[in-house]
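# A structural walkthrough
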Amino acid sequence: MRNFIFLLFVCFHWNFCSAQKEIDAKKKATLLTRFSFKQYSGGVMIVQAKLNNLPDTLNFILDTGSGGISLDSSTCAAFNLNFLPSDTIVTGIGGTHKVNFIFNQTLHLPGLTVDSLNFHVNDYELLSTVYGEKIDGIIGYSFFSRYITKINFDNSTIEVFSPGVFSYPNGGTMLHPAFTTLPIQNMYVKDARKIGFGFYFDTGAGLYFLMSENFALDSSIFLPKRKFFTTQAEGMGGKLQMKLTTVKSVQIGKYKFKNVPTYLFKDINNVTSYPFVGGLVGNDLLRRFNMILNYPKREIHLLPNEHYYDKFDYSYTGLAIYMVDGNIIVDEVIKGSPANLAGLLIDDIILGVGNNLTNNIMQYKELLQSPGQKIPILISRNGELKKLFIKPVSIL
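What comes next concerns the included structure. In this text, all values refer to a predicted model and were calculated from it rather than measured experimentally. In this numbering scheme, every chain counts its residues from 1 along its sequence in written order. Confidence filtering applies because this is a predicted model: local features only for residues at pLDDT of at least 70, side-chain atom pairs given and counted only at 80 or more, and all residues used for totals across whole chains, interfaces and linings. Heavy atoms from the whole structure form the basis of all side-chain values; hydrogens and water molecules are not counted.

## Describing the sheet that holds strand S29 (residues 349-353)
Strand pairing in a sheet is mediated by backbone hydrogen bonds. Such pairs are either parallel or antiparallel. Two strands are said to pair when DSSP picks up at least two bridges between them. To qualify as a helix, a DSSP run of H or I must reach at least 4 residues; to qualify as a strand, a run of E must reach at least 2; elements of each kind are numbered from the N terminus. Ordered in space as S27-S28-S29-S30-S31, the five strands form an open sheet in which the pairing is antiparallel. Both outer strands of the open sheet, strand S27 (319-324) and strand S31 (384-390), are each paired with one neighbouring strand and no more. For this sheet the average axis-to-axis angle between neighbouring strands, irrespective of direction, equals 40°. In terms of strand pairing, S29 meets strand S30 (residues 375-381) through four bridges, oriented antiparallel. Residue pairing for S30: Val-353 is matched across the bridge by Ile-377. Angles shown run from 0 to 180 degrees and are taken between the N-to-C directions of axes, each axis being a line fitted to C-alpha atoms and, for helices, limited to the stretch in contact.

## A few points about the pairing of strand S19 (residues 209-212)
For every residue, the accessible area (1.4 Å probe, protein chains only) is compared with the maximum for its type, and the residue is labelled buried under 20%, exposed over 50%, or partly exposed between those bounds. Residue alternation in S19 divides its side chains into two sets, Phe-209 and Met-211 and Leu-210 and Ser-212, and both sets are buried. As paired elements, S19 and strand S23 (residues 279-281) share three bridges and run antiparallel to each other. Directly across from Met-211, in S23, lies its bridge partner Gly-279.

## Describing the nonpolar core
Of all hydrophobic cores here, the largest spans 85 residues; its most connected members are Leu-107, Leu-109, Phe-209 and Met-211. In this structure, Phe-209 is in contact with Met-187, Val-189, Phe-199, Val-250, Val-260, Pro-261, Thr-262, Tyr-263, Leu-280 and Val-281, ignoring residues within four places of it in sequence. Definition of nonpolar core: a set of buried residues of the types Ala, Val, Leu, Ile, Met, Phe, Trp, Tyr and Cys, connected through side-chain atoms within 4.5 Å. Ranked by size, the runner-up nonpolar core spans 33 residues in total, among them Ile-135, Met-323, Ala-342 and Leu-368. For this analysis, residues touch if any pair of their heavy atoms sits within 4.5 Å.

## Quick look at the sheet that holds strand S13 (residues 148-152)
Pairing within the open sheet is antiparallel, and its six strands lie in the order S3-S14-S13-S24-S25-S15. Among the strands making up the open sheet, the edge pair consists of strand S3 (31-36) and strand S15 (173-175). With strand direction ignored, the average angle separating the axes of adjacent strands in the sheet is 15°. The pairing of S3 with strand S14 (residues 157-161) spans five bridges and is classified as antiparallel. By the bridge assignment, Ser-36 is partnered in S14 with Thr-157.

## Considerations on the pattern of salt bridges
Here, a salt bridge means any Lys or Arg side-chain nitrogen found within 4 Å of an Asp or Glu carboxyl oxygen. By the definition in use, this model includes twelve salt bridges. Between Asp-348 and Arg-381 there is a salt bridge; the shortest N-O distance is 2.8 Å. Within this pair, whereas Asp-348 is found in the loop between helix H6 (338-342) and S29, its partner Arg-381 is found in strand S30, the two being separated by 33 residues in sequence. For Asp-348, a relative accessible area of 2% gives the class buried. Note on Arg-381: relative accessible area 18%, which makes it buried. The network of salt bridges with shared partners includes Arg-34, Lys-150 and Glu-159.

## Describing unusual backbone geometry
Cis geometry is found at the peptide bond from Tyr-274 to Pro-275, where omega equals 20°. For Pro-275, the location among the structural elements is in the loop between strand S22 (255-265) and S23. Its identity as a non-glycine residue notwithstanding, Ser-156 has a phi of 55°, on the positive side. Residue Ser-156 is classed as partly exposed on the basis of its relative accessible area of 22%. Of note in this structure, Asn-359 is not a glycine but carries a positive phi near 60°. Mapped onto the elements of the fold, Asn-359 is located in the loop between S29 and helix H7 (361-367). We classify Asn-359 as partly exposed; its relative accessible area is 31%.

## Digging into the pairing of strand S6 (residues 58-62)
Where burial is concerned, most of S6 is hidden: five out of the five residues are buried. Here S6 shows a buried face lined by Leu-58, Phe-60 and Leu-62 and a second buried face lined by Asn-59 and Ile-61. Two strands pair when backbone bridges link them, and strand S5 (residues 45-51) and S6 are joined in this way by four bridges, in the antiparallel orientation. Of the residues in S6, the one forming a bridge with Ile-46 is Ile-61.

That is the geometry; function is a separate question.
Set out below in structure tokens:
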């Protein structure tokens, strides 16, 4: 299993205006632009855009789990963008902290200019080390609330429409989530028993499914025989350990997925707002649908795509790696895990996995998703080359 997920769930501790702009019932939604996106580990979507009149193209994560829009602090420093301090608190998986703001900015997406945006400023250095590429910001509610967004995972394109009457495709299912700034969808989870509960709809989370420990304990959802694996994850605020297992099924709308890899999260800061919300569904599950996000009408339409039957990743290594200064570094080795048994140590530099010597961290992670296979890893330790073998295990 990818033990290097990044959770982009962010809540603002301030009050957004809940009233939506009235939409003329006779006004038809019109296509404003169409552009491509790329995906990182876990299905996380990256779109490129320019800020104000700056010449450089920036990388943004498209994230329904973000209650606003944000910029990386190092990106602000590189372009001498002046920000103002505030008392606004953001809470994400990993911690809670105050953020600064840059007000009244303009974002230029391909074919679409979005103005009057207030960016909060955050440190995304950890996020960049997870994916091995610079992440300049996150696009969330401040964008989605203005438009109808159609995401096609078959051809990796996004279409943006003006609010209005929209013609949905035939088939699929229509969801009517509860909205704060984040969509909360009622879903059914089954293991020892079947529970219906609200979960955040989070395209910025590179995982299948996550639930808070409090929800799991109070609902007695897990079978007594369930085995849990300790793994390292990353969230807004830093690195943290979680438990990894599976549940018998997760149902969203009329679609049911069996034996879903699931993270169990000790939610100290109650970022999931339990007992109102039990956790989140991430984009490794959601990418199996082409989706239409209609925030102005509080609707989400899902249509199964060519990835609907993709196999789940059940591999577990107990290994956490990051890209630091051009090197892929071992940051954590869980005791008793396959990585530990293979002899990997913290601060080892990974030079290759299998026959792949590309120094591409996302490719290396994918190559480690083969439970039961003995996979060679070439490392450098204190200047000495070593070849080790890791055998990921299955969490099923």
